[in-house]
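# Breakdown of the fold
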Amino acid sequence: MNVAVLNSTAATAAANAQVDPRRIVMRNVSKEYPTQHGNATIFEDVNLEIGYGERVGILGRNGAGKSTMIRLISGNELPTRGSVTRSMTVSWPLALGGGFQGSLTGIDNIRFISRIYGLDPNEKIAFVEDFSELGSYLREPVKNYSNGMRARLAFAISMVVDFECFLIDEVIAVGDQRFRDKCTEELFEKRGDRAMIIISHDPEFVRSFCQRAVVIHDRKVHHFDTTEGAYHFYHEHIA
Amino acid sequence: MKQATKELMTSLTIQRRVIYALFMREVMTRFGRHNIGFLWLFVEPMIFTLGITALWTAMKSIHGSNLPITPFALTGYSSVLLWRNMPVRTIGAIPPNLSLMFHRNVRVMDIYIARLLLEVAGATMSFILLSILFISIGMVDPPEDILKVAWGWFMLAYCGMSMALMIGTLSEQSELVDKIWHPLAYLIFPISGAGFIVEALPVEAQKYVLYIPMVHGVEYLREGYFGSRFHAIHDLSYMALVSTGMLLFGLVQMRVVAREVVPE
């Protein structure tokens, strides 16, 4: 795929984001979890704003709170203090195999999600059937799927709803090279104008697809205008 | 004002969609597509009620009067199924649905509502179908006041749902609730009004039995069904008060649960 072209469209998207009122705003967000020995603070006083069309990477060590951040943005979890407001539609966190019910078949899971979001199930089943290449396995319970099949289904289902912002948690590392290319095309080309928040351990990946990045380190969120800056900091202080 | 109405309508549409989706999901996971599938929803309670009715009829276990035994058993056991099964469905309702709460619009409340609606639907269909069956073969006379029957049934459903919400949300906080509810449900069964009429009890016992909210619903239901055959004793406003109290308690608990729940 042509990264240069992607980046230039991304740049215009970022410029548009300045005027477009659709955004996600995190204000003074802190998150704590109760543990056996008192509260563990994941991060404190996070401020983050993401406009429509912007692509932001999230970096950090394992356990730094990257996924927690995405879950706060998606509304799956509530902040201990502070607020998260969304004026665009935000996807659920696209991750490997999350978001469905194991005892239901693939088809029933598609139906469920179509119903929740008010979409026509039959049309969506056709799309997922075609994209996931799971064929008749879609009529089997999801718990019998292999990890790869589950990830393919998860990705295909995620593409069913037309969100304005996608939250992506390492999801692109799915299946073989050919399927990965297909996912990249579906997400970054066909939906290239959307906002995206991406967690990845792969520096190349974040460099090619994000305009800026934040690094979560020591309960703080550090902002960088370029992914280069973010990686520089990351290597200097963390890895 | 217009804006607020519009937002409310949007929220209602989303909630209706989510509850419908969860309802259908519940039907699929509980009954699947094998043999008679979702018909089990009401066939199972029908078998229960039929068995009990047959047993009581055979034993002529009419408790202290010349009441018609079949409608007595039918109304009694149907209402037990209505209130007793709902808490069973709300206890531990959240963990199996955690992965679905990935979708922001799926809330704890929706999961409870979907499960309770399914339970009420099953018990109601069972009650109606058995009534029609018994009436058409002449074992039971048609209800004397069908509106009273419907209202009594509604009150029992309201009471059961409130209780189920309270017990279900409590069970998310403590595992003890699950352990205690099962024996408790068995203990409440004989004093819930299913197997006796209040009039037949000693006056001293009547006083205590009438503390149990379900008793009032069953008495009212039976008054609608065959009220000319006995003297029903009930106070629906007391029943409504206790039920609403349980409902409010359950709703408060639910806010606590909803804050703590972490989707998988």
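About the thresholds
- Residues numbered from 1 in each chain as written.
- Chains lettered and ligands numbered in written order.
- Predicted model: local features only at pLDDT ≥ 70, side-chain atom pairs only at ≥ 80, totals over all residues.
- Heavy atoms only, no water.
- Helix = DSSP H or I, 4+ residues; strand = E, 2+ residues; numbered from the N terminus.
- Rg over C-alpha atoms; globule rule 2.2 N^0.38 Å.
- Buried < 20%, exposed > 50% of the residue type's maximum accessible area, 1.4 Å probe, protein only.
- Contact = heavy atoms within 4.5 Å.
- Areas by Shrake-Rupley, 256 points an atom, 1.4 Å probe, with all protein chains shown as cover.
- Lys, Arg positive; Asp, Glu negative; His and termini not counted.
- Salt bridge = Lys/Arg side-chain N within 4 Å of Asp/Glu carboxyl O.
- Polar contact = N/O pair within 3.5 Å; in protein donor to acceptor, adjacent residues only side chain to side chain.
- Buried area = accessible area lost by both parts, 1.4 Å probe.
- Nonpolar A, V, L, I, M, F, W, Y, C, P; charged D, E, K, R; others polar.
- Core = buried A, V, L, I, M, F, W, Y, C linked by side-chain atoms within 4.5 Å.
- Domains from an automatic or database assignment.
- 1 Å grid on protein atoms, 1.4 Å probe; cavity = no way out; pocket = protein on both sides within 12 Å on 5 of 7 lines; lining within 4 Å.
- Points joined across faces, edges and corners; volume = space filled by probe spheres on them.
- Axes fitted to C-alpha atoms, helices over the stretch in contact; angles between N-to-C directions.
- Left-handed = near helix turned anticlockwise from the far one by under 90°.
- pLDDT = per-residue confidence, 0-100.
- Pairing = 2+ DSSP bridges.
- Disulfide = S-S within 2.5 Å.

On to the overall build of chain B, then. When you go through chain B residue by residue, the secondary structure sums to nine helices and zero strands. Mapped from its N terminus to its C terminus, chain B presents α and β elements in the order α-α-α-α-α-α-α-α-α. The C-alpha atoms of chain B give a radius of gyration of 20 Å, which matches the 18 Å a tight globule of 264 residues would have. Counting only C-alpha atoms and orienting by the principal axes, one finds that chain B spans roughly 55 × 45 × 45 Å. Split into buried and exposed, the 264 residues of chain B put 48% on the buried side.

What follows deals with the overall build of chain A. Within chain A one finds eight helices and nine strands. Buried residues in chain A amount to 56% of all 239 residues. Long-range pairs, those at least 24 residues apart, make up 67% of the contacts in chain A between residues at least 6 apart in sequence. If you sum the accessible surface of chain A, you get close to 10300 Å²; carbon and sulfur atoms cover 48% of it.

To continue, consider the side chain of D169 of chain A. Residues and elements named next belong to chain A. Along the chain, D169 falls in strand β6 (residues 165–169). Within the buried core, D169 has no salt-bridge partner, and the shortest N-O distance to an opposite charge, that of R71, equals 6.8 Å. In this structure the side chain of D169 is engaged in a polar contact, spanning 2.9 Å, whose partner is the side chain of S67. Every residue in contact with D169, bar those within four places of it in the chain, is listed here: S67, L94, A95 and I199.

What follows deals with the interface of chain B and chain A. Across the contact, 25 residues belong to chain B and 26 residues belong to chain A. Between chain B and chain A, roughly 2200 Å² of surface is buried when both sides are summed, and carbon and sulfur atoms account for 55% of that area. Taken as a group, F102, H103 and R104 of chain B account for 33% of the area that chain B buries against chain A, more than any other trio of residues on that side. Counting the contacts that link chain B with chain A gives seven residue pairs in polar contact (both at pLDDT 80 or more). Along the lines of polarity and charge, the residues of the side of chain B that touches chain A split into 14 nonpolar, four polar and seven charged.

The next point concerns the nonpolar core. In a soluble, globular protein the nonpolar side chains are often hidden away together inside. Membership of the largest hydrophobic core comes to 66 residues, with the highest contact counts inside it found for W92 and L153 of chain A. In this structure, this core is formed jointly by two domains, domain 1 (3–89 + 163–237) and domain 2 (96–162) of chain A, each of which donates at least three residues. Aside from chain neighbours lying at most four places away, what touches L153 of chain A is F100, G106, V128, S132, L134, L138, V142 and Y145 of chain A. Within the second largest apolar cluster, 60 residues are counted, among which are W56, L74, M86 and I167 of chain B.

Turning our eyes to something else, we now look at the pattern of salt bridges. For side chains of opposite charge, pairing can occur when their charged atoms come near one another. As enumerated under the stated definition, the model contains 24 salt bridges over all chains in all. Across the pair R71 of chain A and E77 of chain A runs a salt bridge, and its minimum N-O distance is 2.7 Å. A salt bridge links D193 of chain A to R194 of chain A; the nearest nitrogen and oxygen atoms lie 3.1 Å apart. Overlapping salt bridges, with partners in common, bring together R25, E26, R30, R89, R115 and E119 of chain B in one network.

Residues and elements named next belong to chain B. Considered as a void within the structure, the largest pocket measures approximately 440 Å³ in volume. Those elements giving two or more residues to the lining of the largest pocket turn out to be α4 (108–136) and α9 (236–260). At five residues, the largest contribution of residues to the lining of the largest pocket is made by α9. Here the lining of the largest pocket is composed, by residue class, of 10 nonpolar, three polar and five charged.

Residues and elements named next belong to chain B. As a packed pair, helix α3 (residues 69–90) and helix α8 (residues 213–226) sit with axes 10 Å apart at the nearest point and diverge in direction by 145°. Where α3 crosses over α8, the handedness of that crossing is right-handed. The segment α3 lies against α8, with P71, F72, L74, T75, G76, S79 and W83 engaging M214, V218, L221, R222, Y225 and F226.

A few words now on the confidence of the model for chain A. Confidence in the prediction for chain A averages 84 pLDDT; 88% of positions are at 70 or higher. Confidence scores differ between elements of chain A, with helix α1 (residues 3–19) of chain A showing the lowest mean pLDDT of 56 and strand β4 (residues 81–86) of chain A the highest of 92.

With that out of the way, let us pick up the pairing of strand β1 (residues 23–35) of chain A. All names here are of chain A. The sheet contact formed by β1 and strand β2 (residues 38–51) spans 10 bridges and is antiparallel. Paired with I24 across the strands is I50, a residue of β2. Connecting β1 to the next strand, β2, in antiparallel fashion are two residues. By the bridge criterion, five bridges tie β1 to β4 in an arrangement that is antiparallel. Bridge pairing in β4 places V25 opposite T85.

Turning to the state of the cysteines, a few remarks are in order. All names here are of chain A. With the rule as written, the count across this model stands at zero disulfides over all chains. Cysteine C183 shares no disulfide, and the gap to the nearest cysteine sulfur, in C210, comes to 16 Å. Under the relative-accessibility criterion, C183 is labelled buried at 0%. Here C210 stays unpaired: no disulfide links it, and the sulfur of C165, its closest cysteine neighbor, is 12 Å away. We classify C210 as buried; its relative accessible area is 5%.

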